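So the chains spell out like this:
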Amino acid sequence: MGKEMEEFHKVRRLPPYVFEQVNRLKASARAGGADIIDLGMGNPDLPTPKAIVDKLCEVVQDPRTHRYSSSKGIPGLRRAQAAYYARRFGVKLNPDTQVVATLGSKEGFANMAQAITAPGDVILCPNPTYPIHAFGFLMAGGVIRSMSVEPDDSFFPPLERAVRHSIPKPLALILNYPSNPTAYVATLDFYKEVIAFAKKHDIIVLSDLAYSEIYFDDVPPPSVLEVPGAMDVTVEFTSMSKTFSMPGWRMGFAVGNERLIAALTRVKSYLDYGAFTPIQVAATHALNGDGSDIAEVRSIYKRRRDVLVDSFGKAGFEVPPPAATMFAWAKIPEKFRHLGSLEFSKLLVEKADIAVAPGIGFGEQGDDYVRIALVENEHRIRQAARNLKRFLSAADEMMHNVISLNAHRS
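Residues numbered from 1 in each chain as written. Predicted model: local features only at pLDDT ≥ 70, side-chain atom pairs only at ≥ 80, totals over all residues. Heavy atoms only, no water.

## Describing the pairing of strand β6 (residues 204-208)
Phase 1: The buried count for β6 comes to five of five residues, which makes it a mostly enclosed element.
Phase 2: Once you follow strand β5 (residues 172-176) into helix α9 (residues 188-201) and on to β6, the crossover reads as right-handed.
Phase 3: In terms of strand pairing, β6 meets strand β7 (residues 234-239) through four bridges, oriented parallel. Considered in β7, the bridge of D208 is made with F237. (Buried < 20%, exposed > 50% of the residue type's maximum accessible area, 1.4 Å probe, protein only. Helix = DSSP H or I, 4+ residues; strand = E, 2+ residues; numbered from the N terminus. Right-handed = clockwise from strand over helix to strand, strands pointing away. Pairing = 2+ DSSP bridges.)

## Description of the nonpolar core
Phase 1: By size, the foremost hydrophobic cluster in this structure holds 53 residues, and its most contacted members are Y85, F155, L175, M240, M251 and F253.
Phase 2: Broken down by secondary-structure element, the contributors of at least two residues to this core are α5 (75-89), β2 (99-102), β3 (122-126), α8 (156-165), β5, α9, β8 (252-256) and α11 (277-287).
Phase 3: When neighbours within four sequence positions are excluded, F253 is seen to be in contact with L77, Q81, V99, V100, A101, T102, E236, F237, T238, M240 and L287.
Phase 4: Listed in part, the 41 residues of the second largest apolar core include A210, F327, V356 and I381. (Core = buried A, V, L, I, M, F, W, Y, C linked by side-chain atoms within 4.5 Å. Contact = heavy atoms within 4.5 Å.)

## Focus: α8
Phase 1: Residues of α8 that are buried include every one of F156, P158, L159, A162 and V163, and no others. Each buried residue of α8 sits inside an arc of 155° when the element is viewed along its axis, so together they form one side. The outward face of α8, more than 90 degrees from its buried face, is lined by the exposed residues R164 and H165.
Phase 2: If you follow the buried residues of α8, they end up packed against β3, β4 (143-147), β5 and α9. (Arc of directions from axis to C-beta.)

## Brief notes about the pattern of salt bridges
Phase 1: In this structure the tally under the stated criterion is 20 salt bridges.
Phase 2: Ionic pairing is found between K26 and D38, a salt bridge with its closest N-O pair at 2.7 Å. Taken together, the positions of K26 in helix α3 (residues 18-31) and D38 in strand β1 (residues 37-38) put the pair twelve residues apart, joining distant regions of the chain.
Phase 3: In this structure K26 comes out as buried when scored by relative accessible area, which is 10%.
Phase 4: For D189, the salt bridge goes to K192, with nearest N and O atoms at 4.0 Å. Of this pair, D189 and K192 both sit in helix α9, separated by three residues, roughly a single helical turn.
Phase 5: According to the relative accessible area criterion, D189 is exposed, its value standing at 54%.
Phase 6: In the salt-bridge network here, residues are joined through shared partners; they are D35, E376 and R380. (Salt bridge = Lys/Arg side-chain N within 4 Å of Asp/Glu carboxyl O.)

## Focus on the sheet that holds strand β12 (residues 369-373)
Sheets are built from strands that pair by backbone hydrogen bonding, the pairs being arranged parallel or antiparallel.
Phase 1: Spatial ordering of the open sheet is given by β9-β12-β11, a layout of three strands whose pairing is antiparallel. Two strands close off the open sheet at either side, each with one partner strand: β9 (327-331) and β11 (357-358).
Phase 2: Where β11 and β12 come together, two bridges link them in antiparallel fashion. Its bridge partner lying in β12, A357 is registered against R371.

Rendered as structure tokens:
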């Protein structure tokens, strides 16, 4: 039985899923009658636009669409994604060889890792970052070397050191701007430097652009594929989950370098038959729309962001206003920082009826922060701020009873 009860090799390589600890506490509190305001998981609460739902309902009536679909995406969907890139970024894509539909960007990243990674390959990954960026490659046998996440001059010296000191030489560099969780936004000039570095050292660039349309300062985030020559080394992943409030539909894309897209397409052909055809047709309809649905989603998140920053600030918890994404990345108040992000997040559930995502779940460099998702309406965000204010005002009295479980942080 001892042998049977051991964790399998790939499972052992994965760290504990810290978010689950907060989720269990949240579920227990709700079972006890607590009204938990959930600002933790980035799970959009907005309904999918009616026109997209109506298209799904129309197409699903045709029994011919109930058969297996195409794992790389139906032709019309790939053409619609290529047209979106042409409109939005001025990037020309061949829908037959440079576009593949994925079951969300998360699946695309994980299967790209399977497609390109040999055991021991070194991957340059930002820290903190969305977990699949690292875990997808860990499960594929790769080795993660953590990098800076800020898209400025501090980004490049660690890259140079990684190339000099990593054996074997790094295979790929992961980008994620607008960033989850930090909400940093990259400029085209930054991307130009990245591509120059990648081509100089023969490194693949994998860019996660899931939040391309959730921005607040009237400056649309660029695509790295806008850089001349980027197509030689780059694949970019996008998602319809946030842009069109379609998280449960599981629809995303990988676009870019033909050789890398072919590798991903081949791996996917062995693993799935693609999304349900009516979902792909509805997604095509969304991408070919006039953009008004996207603008409305953006305006809702902007109003929520402004309410969050204002109300939490007045409650005593400073939240820097994110320029993009549906998240705020906030440093834990000084008096609680020694606890670490997981214990602080648990404390918010227990004492303030608020759930947030602990920064440690995105990498050890995130442990002084929590991620706050804009997935509740403005009224609920203000209620969270009132709860927070009560908690913080009583914190000095409570803190002498709280013992840090992270002794190394003392």
